[in-house]
Amino acid sequence: MAFTTFATSFVSYLMDVMHKSPLEASTIITVFFGVCGTTPLFGGFLADAYLGRYATIAIFSIVHLLGLILLAAGAVVAPLSPRICKHDAEQCLDEKATAFQMGYLYVSLLIVAIGFGGIKSNIVVFGADQFDRGNPSDKKNLGMFFSSLYMTLDLGFVLALTIVVYIQVQFGWNWGLTTLAIAMAAGNALFFAGTPFYKQKRPSGSPVTRLLQVIVSAYRKRKLELPQDVNLLYEVPGRMSAIPGSSKIQHTDGLRFLDKAAVKIGLDHEVEGSWTLCTVTQVEELKAMIRLLPICATTMLLMSTVVVLLNYSTVQALMMDRSLSKSIQVPAPSVPFLSSVFVMIAIPFYELVYVPAMRKLTGNPRGTTHLQRIGIGLFLSTLTMIVAGFVEHKRAESKRARFSAFLLTIPFSMYGLASIFGTIGLIELFYSQAPEGMRCFGSSLLPFTAAIGSFSATALNSIVGSSTNWLHQSWQWHLDYYYWLLACLNAVNFALFLVCARFYKYKEEQDKERDGET
């Protein structure tokens, strides 16, 4: 709810309450989302290295709540924001926010972003930890959990675009932001109520340190010859690895130059887990993360698509008919809510109809592989931008005053389908393929990719706007060209993804190849 509010309507708070220009408000929101994409890396690192997933979520959910309370206080307490214009509007518009008021706002947003990072990087993995992957029933239900989690997030999207917007419009931003804080407090209470029942896994040490140790050790031994027999590479005895709470990862043939980090040369100062000698499991952790990076990079535009749609849908809706009846008019930020309702209906259909039907055809427990679902999501994302361009083209061509704003729900619904396949596929891919000891850190790459996608969309906006007249005074008449440009970029990105997916090998495939050789 909070994240969606910041994405869709908080810009009006910055303009109407803090008296910022549209450009200044847009810049603040963009930077905020950039920070929100970076903080999960820190949250994932802390969980994997020191705190564990439960403790990280518990601490950062309180931090997130504190940030929302501070934001609400900023809208309620008079000295923390400029005067709210009621009578002399022009005089109020000249009253800019003071340095103290803007500083308070920035600190509040930073605290919100820090709290978001600790939650976002851990909540998916912690929820999945409650399932026993060795149990066939639990393994089957794990996919259902990912879809259910996404549907819950979509519910938050709907609530933000309906209830929160209604409260903000009818009673003001002080009540709108207070509603977010109350909702977060209720969510925290529910989370802590489940504490006695959670399965908790202990932290496994710094993932960043382990990755760097492999790189440094391999570089130091770069001139050594690798042994022909991979069994001569260093590994601790027993079933468990030297990484606390993690099973061993078997050797794979790719990226062989990194194997030199596990070559034992018998020096006195050579110590296991140091910067001179690493285990095979430690080397394979780095290999697994490297293999995931191209997939992660080629999904960046999937994340930026929704940023573009959200950024411009409000402005488009303001120029269109938003009437549900003669007496009811939907606020412009709330127009996409119908598409979210559609997605909430589509997810159960996906799980109860699509997955079982595809399971019978393919034999795959989830109907299709992770990469196939991501590919479908990227393809639908391309179609989304094409359709968004046609809707905008028809709106601009139409001379009728009552061109329905609810036509915007078509591209939003298509993007919702793209997310059901693409985003859920990405979540499952990273959880199943990331090393056990760095799943939270690996999962944090997804919001980081989304932040890069957001910045990319903003940068593209600036480039197009500075080189053409599309996005200046008359941008609204040529936004269709901008959408179609993004459709072309999505198509190129989809082709790159297909190449990366063609060469990607799942853990299970590597295990079968190794078993076949032995």
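Residues numbered from 1 in each chain as written. Predicted model: local features only at pLDDT ≥ 70, side-chain atom pairs only at ≥ 80, totals over all residues. Heavy atoms only, no water.

## Considering the overall build of the protein
Each helix and strand counted, the protein has 19 helices and zero strands in total. Looking at the protein as a whole, 52% of its 518 residues qualify as buried. Look at the contacts in the protein between residues 6 or more apart in sequence, and 79% of them connect residues 24 or more apart. (Helix = DSSP H or I, 4+ residues; strand = E, 2+ residues; numbered from the N terminus. Buried < 20%, exposed > 50% of the residue type's maximum accessible area, 1.4 Å probe, protein only. Contact = heavy atoms within 4.5 Å.)

## Some thoughts on the packing of helix H13 (residues 337-362) against helix H15 (residues 409-433)
When two helices pack together, their arrangement is captured by the angle between the axes and the distance separating the axes. Remark: H13 packs on H15, axes separated minimally by 9 Å, with the N-to-C direction vectors making an angle of 35°. Note on packing geometry: the crossing formed by H13 with H15 is right-handed. Together, Leu338, Ser339, Phe342, Val343, Ala346, Ile347, Tyr350 and Tyr354 of H13 and Thr409, Phe412, Ser413, Gly416, Leu417, Ile420 and Phe421 of H15 make up the contact between the two elements. Of the residues assigned to the contact of H13 with H15, the class counts are 11 nonpolar, four polar and no charged. (Axes fitted to C-alpha atoms, helices over the stretch in contact; angles between N-to-C directions. Left-handed = near helix turned anticlockwise from the far one by under 90°. Nonpolar A, V, L, I, M, F, W, Y, C, P; charged D, E, K, R; others polar.)

## Details of the packing of helix H8 (residues 136-171) against H13
With their axes 7 Å apart at the nearest point, H8 and H13 run at an angle of 170° to one another. In terms of axis orientation, H8 runs roughly antiparallel to H13. Touching Lys140, Gly143, Met144, Ser147, Tyr150, Met151, Asp154, Leu155, Phe157, Val158, Leu161 and Thr162 of H8 are Phe337, Ser340, Val341, Val343, Met344, Ile347, Pro348, Tyr350, Glu351, Leu352 and Arg359, all from H13. Residue classes in the contact of H8 with H13 are distributed as 15 nonpolar, four polar and four charged. (Parallel < 35°, antiparallel > 145°, perpendicular 65-115°, else oblique.)

## Examining the side chain of Ser444
Structurally, Ser444 is set in the loop between helix H16 (439-443) and helix H17 (445-467). Ser444 gets classed as buried once you look at its relative accessible area, which sits at 0%. In contact with Ser444, not counting residues within four places along its chain, are Pro40, Leu41 and Ser121.

## A closer look at the environment of Ile386
On the secondary structure map, Ile386 appears in helix H14 (residues 370-397). Residue classification places Ile386 among the partly exposed positions, given a relative accessible area of 30%. Here Ile386 is in contact with Trp484 and Ala487, once residues within four sequence places are set aside.

## Side note on the pattern of salt bridges
In the structure shown here, the tally under the stated rule is nine salt bridges. The salt bridge involving Arg256 is made with Asp259; its shortest N-O contact spans 2.7 Å. Judged by its relative accessible area of 28%, Arg256 is partly exposed. Judged by its relative accessible area of 1%, Asp259 falls in the buried class. Three or more residues joined by partner-sharing salt bridges are found here, namely Asp48, Arg53, Asp129 and Lys201. (Salt bridge = Lys/Arg side-chain N within 4 Å of Asp/Glu carboxyl O.)

## Comments concerning the packing of aromatic side chains
How two aromatic rings sit relative to each other is set out by the distance from centre to centre and by the angle between their planes. Per the counting criterion, the structure on display carries 26 aromatic pairs. Residues Phe191 and Phe192 carry aromatic rings whose centres are separated by 5.5 Å and whose planes lie at 70° to one another, so their mutual orientation is edge-to-face. Among the aromatic residues, those joined into a cluster by ring pairs are Phe3, Phe6, Phe10, Tyr13, Phe32, Phe33, Phe116 and Trp173. If you follow Arg439 out to its NZ or CZ, it ends over the ring of Tyr431, 4.4 Å from the centre. Stacked on the ring of Phe503, the Lys or Arg Arg502 has its end atom at 6.0 Å from the ring centre. (Phe/Tyr/Trp six-rings, centres within 6.5 Å; stacked < 30°, edge-to-face > 60°. Lys NZ or Arg CZ within 6 Å of the ring centre and 35° of its normal.)

## Observations regarding the nonpolar core
By size, the foremost hydrophobic cluster in this structure holds 107 residues, and its most contacted members are Phe6, Phe10 and Tyr13. A total of 11 residues in this core trace back to one element, the largest contributor, which is H15. Not counting chain neighbours up to four residues away, the residues in contact with Phe6 comprise Ile29, Phe32, Phe33, Leu68, Leu71, Leu109 and Val112. Ranked by size, the runner-up nonpolar core spans eight residues in total, among them Ala332, Val335, Val391 and Leu408. (Core = buried A, V, L, I, M, F, W, Y, C linked by side-chain atoms within 4.5 Å.)

## What to know about H8
End to end, H8 covers 51 Å across 36 residues, agreeing with the expected 52 Å (1.5 Å per residue, within 8%). Of all the bends found along H8, the most pronounced is centred on Ala160 and spans about 35°. Directly after H8, the chain includes Gly172, whose backbone phi takes a positive value near 105°. (Expected span 1.5 Å × (residues − 1). Bend = angle between axes of the 7 residues up to and from the residue.)

## A closer look at unusual backbone geometry
One non-glycine residue with positive phi stands out, namely His19, at about 60°. Relative to the helices and strands, His19 is located in the loop between helix H2 (10-16) and helix H3 (22-51). The backbone of Leu255 sits at a positive phi, close to 50°, despite the residue not being glycine. When you line up the elements, Leu255 lands in the loop between helix H10 (207-220) and helix H11 (280-297).

## What about a nonpolar patch on the surface?
A cluster of nonpolar side chains, Met144, Phe349, Leu352 and Val353, forms an exposed patch at the surface whose accessible area comes to about 390 Å². Ranked by residues supplied to the nonpolar patch, first place goes to H13 with three residues. Inspection of the secondary structure puts Met144 in helix H8. The partly exposed category is assigned to Met144, whose relative accessible area is 34%. (Patch = residues over 30% accessible without salt bridge, like charges linked within 9 Å, V, L, I, M, F, W, Y side chains within 5 Å. Areas by Shrake-Rupley, 256 points an atom, 1.4 Å probe, with all protein chains shown as cover.)

## Some remarks on the confidence of the model for the protein
Summarising the model, the protein shows a mean pLDDT of 82, and 88% of its residues fall at 70 or more. Scored below 50 in pLDDT, residues 86-91 shows one contact in the model against residues more than four places distant or in partner chains. The low-confidence segment residues 470-476 (pLDDT under 50) makes 19 contacts with residues lying over four places distant or belonging to another chain. (pLDDT = per-residue confidence, 0-100.)

## Comments concerning the environment of Leu65
As for its placement among the helices and strands, Leu65 is situated in helix H4 (residues 53-76). Under the relative-accessibility criterion, Leu65 is labelled buried at 16%. On a C-alpha basis, the gap between Leu65 and Ala185 in space is 6.6 Å, while along the polypeptide they are 120 residues apart. Apart from the residues lying within four places of it in its own chain, the contact partners of Leu65 are Ala181, Met184, Ala185 and Asn188.

## Some remarks on the environment of Ala346
Checked against the element boundaries, Ala346 lands in helix H13. Judged by relative accessible area, which is 12%, Ala346 ranks as buried. Sequence separation between Ala346 and Met151 is 195 residues; the distance between their C-alpha atoms is 9.4 Å. Residues within four places of Ala346 in sequence aside, it is in contact with Leu417 and Ile420.

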